[in-house]
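# Structure assessment
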Amino acid sequence: MRSARLWRLVKHCYLRMEEDTDFRIRFSSLCYITDHVGFHGTIKSSPSDFVVIEIDERGQLVNKAINEPTYKMSKVLPEPNNFAKKTKLGFQNLVFEEESNQKVNILVQCSDDEQNHQSGPEKEDTSNDGTSKGEEEKAYALGSLLDEKTNERLNQFACDIKEKWKSKSELTGPSPEFSLGRILDKNQRAILHSAIRQKFPFLITVGKNSEIVVKPNLEYKELCHLVSEEEASDFFKYLDAKKENSKFTFKPDTNKDHRKAVHHFVNKKFGNLVETKSFPEANYNAGNPNTVITVRFREKAHKHRKRSVECQERKVIYTAFTLQKENIEMFEAIGFLAVILGVIPSDFSYAGLKDKKAITYQAMVVRKVTPERLKDIEKEIKKKRMNVFNIRSVDDSLRLGQLKGNHFDIVIRNLKNQINDSANLRERILEAIENVKHKGFVNYYGPQRFGMGRKVHTDQIGLALLKSEMVKSVRLFLTPEDLDDPVNRAKKYFLQTEDAKGTLSLMPEFKVRERALLESLHRFGMTEEGCIQAWFSFPHSMRIFYIHAYSSKIWNEAVSYRLATYGSRVVEGDLVCLDEDGDDEQFPNNKVHLVTEEEESANAYAIHQVVLPVLGYNVQYPKNEVGLWYQEVLNRDGLQTCRFKVPTLKLNVPGCYRKILKQPRNLSYQLIEKHDTDVKAEGSHIDGATLSLLISFDLDASCYATVCLREIMKHGF
C-alpha cells in the first residue's frame, strides 16, 4: 500500500509538471523517490549558509593548502588517489615496491643490459608479442644513429632521472631536458623517438625544429603510484608500439577502489587511444576472486595517432589556482578576472559550475598568466568578494567533469512542520535525513542549471541553438525580465531598437557576457552570420552550456515519466549501467546494457543501476515506453532530424548516461537553536521557530545539493 501510494504521488507530480509553464513551479513539481513527510525551512538566507567546496580527482578538498615548496613548479605532480589502498608515496621520495614489500632496483643500468628485460608470462601472452626482438632493434638503432658520446650522455640522463625520483631531495625548477641535437632526416627522427621511448619508457621525446629533446615522463611516474614499476614500464612500451589488435593486462587486483583508480588514470590520460575493461582472472576460483584490467586500442585509434611529433605546440604558460567567490556568478567572476589579467574568458578552464548565492571554492587554470602575475591581483579582487590561492604552474588546462564531486556545508533556517503536521519536528527531521541517506534521491538537474529568470531559461536558448536559429537565440539571451534596473533597461532598449552600440552605452561594465555579445553584434550586425560571430565571443564551454541546459531539461522530464510509468521496478527495455568502477555520466555505450524480458522476470537489476540518456548523437534510448516518450519529445521540439551538432558554432554533443538515483555520502548534521551553537539534548523540547539545521555531505560531480535537500524536506525552493 505504501509503495502504491508513493507511485500515485509520482504520477500526479509528473502530470502537474507538464501543465506548468513557470519554471519555479515546474521544478517544485518534480517527483520524489522517498515517502516521508518532510519539513519546511529556508536555505540560502545568506551566502555563508551555503558553502560549496570542490573535491578534486584525488579526493582532496580544493580549499586545503597544497604542500608545495614553491608556486613556480613547472608541473603539478599528482598524488595517488585517496581511495587507492596502496601506501601513499610522495614524489620526492618515491620508492617502488613489489607485493612482497621488497625494494625493486629502479636505477637504469648504464649499459645496454636494459634491452634484455623480460616481462612476466602474462605480459608475453598479451602485450609483448615479439617485444624482445623489437627492443634489440631499438637498442641497435640508438647505437647506430647516435655517436658514442651522445649515447653515453643519454644513458647518464636516464640514470639521473631515476636517481632524482629515488632520492629524498626536493625537485624544483623547470623539468630537466636533454637534447640529442638536430636530426635532419625525418625517418631517422621517427626511429629515434620510438627507440628511446621503448628503451626508457620513463622518458618522453619532443620534436623542436628537427631537434629531439628528451624529458621525464611524468605520466609514467603518476602511474607508478598505482601499479608496480614493471607494469608501468610494460604499459608505456605497449602504448608506444601501437600494435594493431594487441592488448595489455595489468596484474590481478582484488581491490575495487584501486581498480577504479587505474581505470580512471588510463581513461583520463589515454582515453582517446585505448579503452579499459575489468574481467575475472583466467584462473578464477571462489576463494581467489581476482579481477584484471585489460587495455585495448580503440578501433583504428592507432591510425589517428600518426600526427608528427614535429608539430608540438610552443610552450604555453598554464597557472592553476583555487578560486573562492561569494555571491557572484561564476561567468561574471571569470570575466572580471580576465579584464584585470589582460586575457579573455576562454583562457580560463574549470571542472564544474558553481552556485552564485553561496561561498564556493573551485579549481581553475588560466592560460598565458604567470603565477607571479596572478599573485599580484589578490588585493584587487577581494573588493569583489573573491580570492585566489594554491597558485602554481601546471602543464595543461582543466576540462568539465574533471573532479570527483563537491562537499557542502549548509544551514537551513526557520525549521517548522509541514502544514497540518503536528508530529515532533525533531523526529520528522531525523526521519527525513535517514530516509534519503539510505534510499537516495531522484538525480534531477537543479534549478541553477536553467537560470533563475521567469521569462527566458537557458534551455530555451539551447533549443534555439540546436535548431540553428541564431537570431532567435541572441534575442532570447538579451530578453529582459520585468525589473526596472540598468541591465534590464539596456536589454529592453536592444529588443526595441537592435542598436548594439547604444545598448553598450547602457549595459553596466560588470555584465561581461552581455557586453562581449553586444560588441560583436555592433561589429557584424544583427544578421544570421552576425549572430554566429557574436556567439563566438563566448568560450566553447559557455556556448555548449546552453545546449547542455536543454538536454538537462529533457532528462528531468524523462526521469519523471520513467518513475511515473514503471515505479521502482527494473523492466524490459530499461538501460542499466554494468560498470560499477566507472564515473557517473562518463561510461561508454559498451558499459550500458538493455534489460531483457528474462532479466526483468529474474529481478536481475536494481533501480539504482538504471540510467537514462542525456541527449546526444552517441547514445542509445530505452526500448520501452520511455524510449517512445523521448521520440515524441524530440518531435514536439522540432528535433526529429537533429544530429546534435552545430557546425557553425563548432559544437558537438555526443550525449551521455545519468543514473536516475543518487545518494549523499559522508552525511552528518546538527540541530542548533537560534543564537546558540549548543546542540539540544536528546528528548528535550525545541520550539520549531527557533531551530536551524547544519547539514554536511558529499555529492558526486553533476549532482545538486538543492535537489538532495528538496528530497529531504519535501519542500521546493
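Going by the structure above, here's the rest.
A brief report on the enclosed structure follows. This is a predicted model, so every value here is computed, not measured.

This next bit is on the pairing of strand β9 (residues 318-326). Burial analysis of β9 places 7 of its 9 residues in the buried class, the great majority of the element. Bridge count for β9 against strand β11 (residues 359-367) is 9 bridges, and the pairing is antiparallel. The partner of Lys325 across the bridge, within β11, is Thr360.

The 4 strands lie next to each other as β16-β15-β17-β20, forming an open sheet whose pairing is antiparallel. Two strands in the sheet have a free side with no partner beyond their single neighbour: β16 (592-594) and β20 (656-659). Averaged over all neighbouring strand pairs, the angle between strand axes comes to 50°, with direction disregarded. Lying over the sheet, helix α21 (residues 540-566) contacts β17 (610-614) and β20, oriented at roughly 145° with respect to β17.

A few words now on the packing of helix α16 (residues 470-477) against helix α20 (residues 528-535). Relative orientation of the contacting elements α16 and α20 amounts to 55°, with a least axis distance of 8 Å. It follows that α16 is oblique to α20 by the angle criterion. For the crossing formed where α16 meets α20, the hand is left-handed. Where α16 approaches α20, its residues Met470, Val471, Ser473, Val474 and Phe477 are matched on the opposing element by Glu528, Cys531, Ile532 and Trp535. Considering only residue class, the contact of α16 with α20 consists of 7 nonpolar, 1 polar and 1 charged.

With that settled, the discussion passes to the packing of helix α15 (residues 458-466) against α21. The N-to-C vectors of α15 and α21 enclose an angle of 105°; their axes lie 7 Å apart at closest approach. When the interaxial angle is binned, α15 and α21 end up roughly perpendicular. Note on element contacts: α21 touches α15 through Arg543, Phe545, Tyr546, Ile547, Ala549, Tyr550 and Lys553, opposite Thr458, Asp459, Ile461, Gly462, Leu463, Leu465 and Leu466. Residue composition of the contact of α15 with α21, by class: 9 nonpolar, 2 polar and 3 charged.

This brings us to the sheet that holds strand β8 (residues 291-297). The strand order across the open sheet formed by 3 strands is β6-β8-β7, and the pairing between neighbours is antiparallel. Sheet topology places β6 (247-249) and β7 (274-280) at the edges, where each strand pairs with a single neighbour. The average undirected angle you get between the axes of adjacent strands in this sheet is 25°. Where β7 meets β8, 7 bridges bridge the pair, whose relative direction is antiparallel. Within β8, the position partnered with Phe279 by the bridge is Val292. In the packing of helix α9 (residues 256-270) onto the sheet, the strands contacted are β7 and β8, and the crossing angle to β7 comes to about 160°.

Inspection of every chain in the model, using the stated rule, returns 25 salt bridges. Across the pair Asp56 and Arg58 runs a salt bridge, and its minimum N-O distance is 2.9 Å. Of the residues examined, Asp56 reaches a relative accessible area of 15% and is grouped as buried. Residues Glu332 and Lys384 are paired through a salt bridge, measuring 3.7 Å at the closest nitrogen-oxygen approach. You can see Glu332 sitting in helix α11 (residues 330-341) and its partner Lys384 sitting in the loop between α13 (378-382) and β12 (386-394), a full 52 residues away along the chain.

Once that is clear, we can look at the environment of Ile377. With respect to the helices and strands, Ile377 occurs in the loop between α12 (371-376) and α13. Each C-alpha atom, one on Ile377 and one on Asn387, is 9.1 Å from the other, the two residues being 10 residues apart in sequence. Non-local contacts of Ile377, meaning those with residues more than four positions away in its chain, are made with Leu337, Ile340 and Leu341.

Looking now at helix α6 (residues 186-199). For α6, which comprises 14 residues, the first-to-last C-alpha distance of 20 Å matches the rise-based estimate of 20 Å (1.5 Å per residue) to within 8%. Looking only at α6, the buried set comprises Arg189, Leu192, His193, Ser194, Ala195, Ile196, Gln198 and Lys199.

Right, let's get into the environment of Glu469. Looking at the element boundaries, Glu469 is found in the loop between α15 and α16. Taking C-alpha positions, Glu469 is 9.7 Å from Ile532, a pair spaced 63 residues apart along the chain. Setting aside residues up to four positions removed in sequence, Glu469 forms contacts with Ala464 and Glu528.

A separate point is the pairing of strand β24 (residues 691-700). Counting buried positions along β24 yields 8 of 10 residues, so the element is predominantly enclosed. Sheet topology places strand β13 (residues 405-417) next to β24; 8 bridges connect them, and they run antiparallel. For Ile410, the partnering residue across the bridge sits in β24 and is Ile695.

Residue placement: Asn488 occurs in helix α17 (residues 486-497). Judged by its relative accessible area of 9%, Asn488 falls in the buried class. Leaving out residues up to four positions away in the same chain, Asn488 has contacts with Pro480, Glu481 and Leu483.

Time to look at the packing of aromatic side chains. A full pass over the atoms with the stated rule returns 29 aromatic pairs. Ring geometry for Phe236 versus Phe270: centroids 5.8 Å apart, planes at 80°, classification edge-to-face. Within this pair, whereas Phe236 is found in helix α8 (residues 229-241), its partner Phe270 is found in helix α9, the two being separated by 34 residues in sequence. Taking the relative accessible area as the measure of exposure, Phe270 reaches 6% and is therefore buried. Put simply, the rings of Phe200, Phe202, Tyr220, Phe235, Phe236, Tyr238, Phe248, Phe250, Phe265, Phe270 and Phe297 pair up and form one aromatic cluster. Positioned over the ring face of Phe50 is Lys44, at 4.5 Å from the centre of the ring.

Parameters and conventions
- Residues numbered from 1 in each chain as written.
- Predicted model: local features only at pLDDT ≥ 70, side-chain atom pairs only at ≥ 80, totals over all residues.
- Heavy atoms only, no water.
- Buried < 20%, exposed > 50% of the residue type's maximum accessible area, 1.4 Å probe, protein only.
- Helix = DSSP H or I, 4+ residues; strand = E, 2+ residues; numbered from the N terminus.
- Pairing = 2+ DSSP bridges.
- Axes fitted to C-alpha atoms, helices over the stretch in contact; angles between N-to-C directions.
- Contact = heavy atoms within 4.5 Å.
- Parallel < 35°, antiparallel > 145°, perpendicular 65-115°, else oblique.
- Left-handed = near helix turned anticlockwise from the far one by under 90°.
- Nonpolar A, V, L, I, M, F, W, Y, C, P; charged D, E, K, R; others polar.
- Salt bridge = Lys/Arg side-chain N within 4 Å of Asp/Glu carboxyl O.
- Expected span 1.5 Å × (residues − 1).
- Phe/Tyr/Trp six-rings, centres within 6.5 Å; stacked < 30°, edge-to-face > 60°.
- Lys NZ or Arg CZ within 6 Å of the ring centre and 35° of its normal.

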